[in-house]
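In case you want the letters, here they are:
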Amino acid sequence: MDCCRGEIRDDNGNRTHPGTIAVMGGGSWATALAKLLLQNRRSIIWYMRRPDRIDEFKRLGHNPAYLSDVEFPIDRIDFRDNINEACHDADTLLMAMPSPYFKSHLEKLSADISDKGIVIATKGIIPDENMLISDYMESRYGIPQDHVTVVSGPCHAEEVALGRLSYLTVASSCAGRATAFAECISGKALRTLVSSDLRGIEYAGVLKNVYAVAAGIIHGMKAGDNFLAIMVANAAMEMKRFIDSAVGGGRHITDSVYLGDLLVTAYSRFSRNHNFGSMIGRGMTVRRAMMEMEMVTEGYYAAKCLHEINASLKVDMPILECVYDILYRNVPVQLAINKIASGLI
């Protein structure tokens with residue numbers, strides 16, 4: 001039975017149930033979330049840009065490019081390669097495209113989506129715009145903030161897809177929307193929490209990718225677990241300073257959606273940001289490391305966006321600046337790390 005059935009509305013008369021959901025994107029996180037949705041729903045729409053990728057998916061019964069060990073019930077998926085048809089026929093759009101290509105993915109979108117529910121699974125900022133995804137959707141497509149939900153937390157797509165116990169936080173200014181979507185992805189191996197800190201959680205998802213790059217650099221340098229632990233502890237404090245300045249206070253940075261997500265991204269072997277940083281820490285150039293990566297490294301782009309945003313906020317962000325110096329100013333790794341080492345507590 002589909003979850004969240006019926007015309008559920010909040011106190012202001014706004015529809016809160018997701019209705020027909022379209023998964024937007026064909027990467028690993030989109031694939032993992034599609035798997036979760038199909039545990040609770042009869043069917044989903046799934047938009048991918050490449051028709052050949054869809055054909056292969058149908059033939060093989062799994063995503064040919066990402067999480068290829070995960071089988072799908074093809075008869076319950078309405079694949080689309082036309083973004084306007086997918087958006088028109090869906091009530092809720094689950095956005096799971098990498099942030100550096102978010103704008104380009106939506107270039108052909110001409111359908112009016114201002115009345116749609118938007119669920120943001122992308123952990124990043126729109127480059128050049130330096131805007132959170134939720135702010136960009138409101139500015140560019142007229143999506144009201146109370147129509148937006150964010151899904152985040154200490155989860156790697158690989159473990160979610162494998163059915164390992166995981167936790168996600170679903171955030172929205174509309175509690176009904178957050179609760180309804182949380183029910184759609186919850187299961188035996190996926191626990192959900194609900195929050196109202198939408199923009200704070202979005203920023204946390206961006207920041208932790210930068211800190212994971214720093215963690216990878218330290219690991220690649222073989223600087224030791226002691227130093228790495230101190231860096232991560234300081235990164236959590238730095239994250240809180242930035243979010244409190246950008247959004248306002250009131251959150252507990254030790255909650256799983258903040259600290260937990262930071263820890264798993266900083267330490268896990270599944271973390272592409274950690275692996276990217278590790279290559280740099282071992283002496284590889286930034287350009288070569290980017291070429292070696294098979295998937296998008298969000299932390300590379302996030303470091304520049306956050307550096308530029310912080311130019312006006314002026315929050316004390318030594319770890320962010322360290323990563324920015326290494327990635328964009330060609331500051332030698334040892335010199336940049338030594339600079340922050342003396343200031344860590």
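Refer to the preceding data block for the structure.
We now turn to the structure provided with this report. Here the structure is a predicted model, which is why all the values come from computation and not from measurement.

1. Some thoughts on the packing of aromatic side chains
Here is step 1 of the chain: According to the stated counting rule, one finds 12 aromatic pairs in the structure shown.
Here is step 2 of the chain: With centroids separated by 5.2 Å and ring planes inclined at 70 degrees, the aromatic side chains of tryptophan 46 and phenylalanine 57 adopt a geometry described as edge-to-face. With a gap of 11 residues between them, tryptophan 46 in strand β2 (residues 44-47) and phenylalanine 57 in helix α2 (residues 51-60) connect regions that are remote in the sequence.
Here is step 3 of the chain: Judged by relative accessible area, which is 0%, tryptophan 46 ranks as buried.
Here is step 4 of the chain: Phenylalanine 57 sits in the buried class, given a relative accessible area of 0%.

2. Observations concerning the layout of surface pockets
Here is step 1 of the chain: Computed from the structure, the largest pocket encloses a volume of approximately 980 Å³.
Here is step 2 of the chain: Every residue lining the largest pocket is counted, 42 residues in all, and those nearest its centre are Gly27, Ser28, Pro98, Arg272 and Val296.
Here is step 3 of the chain: Secondary structure elements with two or more residues in the lining of the largest pocket: α1 (28-40), α6 (157-161), α8 (198-221), α10 (256-267), α11 (272-281) and α13 (298-313).
Here is step 4 of the chain: A breakdown of the residues in the lining of the largest pocket according to their chemical character gives 20 nonpolar, 12 polar and 10 charged.
Here is step 5 of the chain: Taken as a whole, the second largest pocket holds about 220 Å³ of empty space.

Rules of the game
- Residues numbered from 1 in each chain as written.
- Predicted model: local features only at pLDDT ≥ 70, side-chain atom pairs only at ≥ 80, totals over all residues.
- Heavy atoms only, no water.
- Phe/Tyr/Trp six-rings, centres within 6.5 Å; stacked < 30°, edge-to-face > 60°.
- Helix = DSSP H or I, 4+ residues; strand = E, 2+ residues; numbered from the N terminus.
- Buried < 20%, exposed > 50% of the residue type's maximum accessible area, 1.4 Å probe, protein only.
- 1 Å grid on protein atoms, 1.4 Å probe; cavity = no way out; pocket = protein on both sides within 12 Å on 5 of 7 lines; lining within 4 Å.
- Points joined across faces, edges and corners; volume = space filled by probe spheres on them.
- Nonpolar A, V, L, I, M, F, W, Y, C, P; charged D, E, K, R; others polar.

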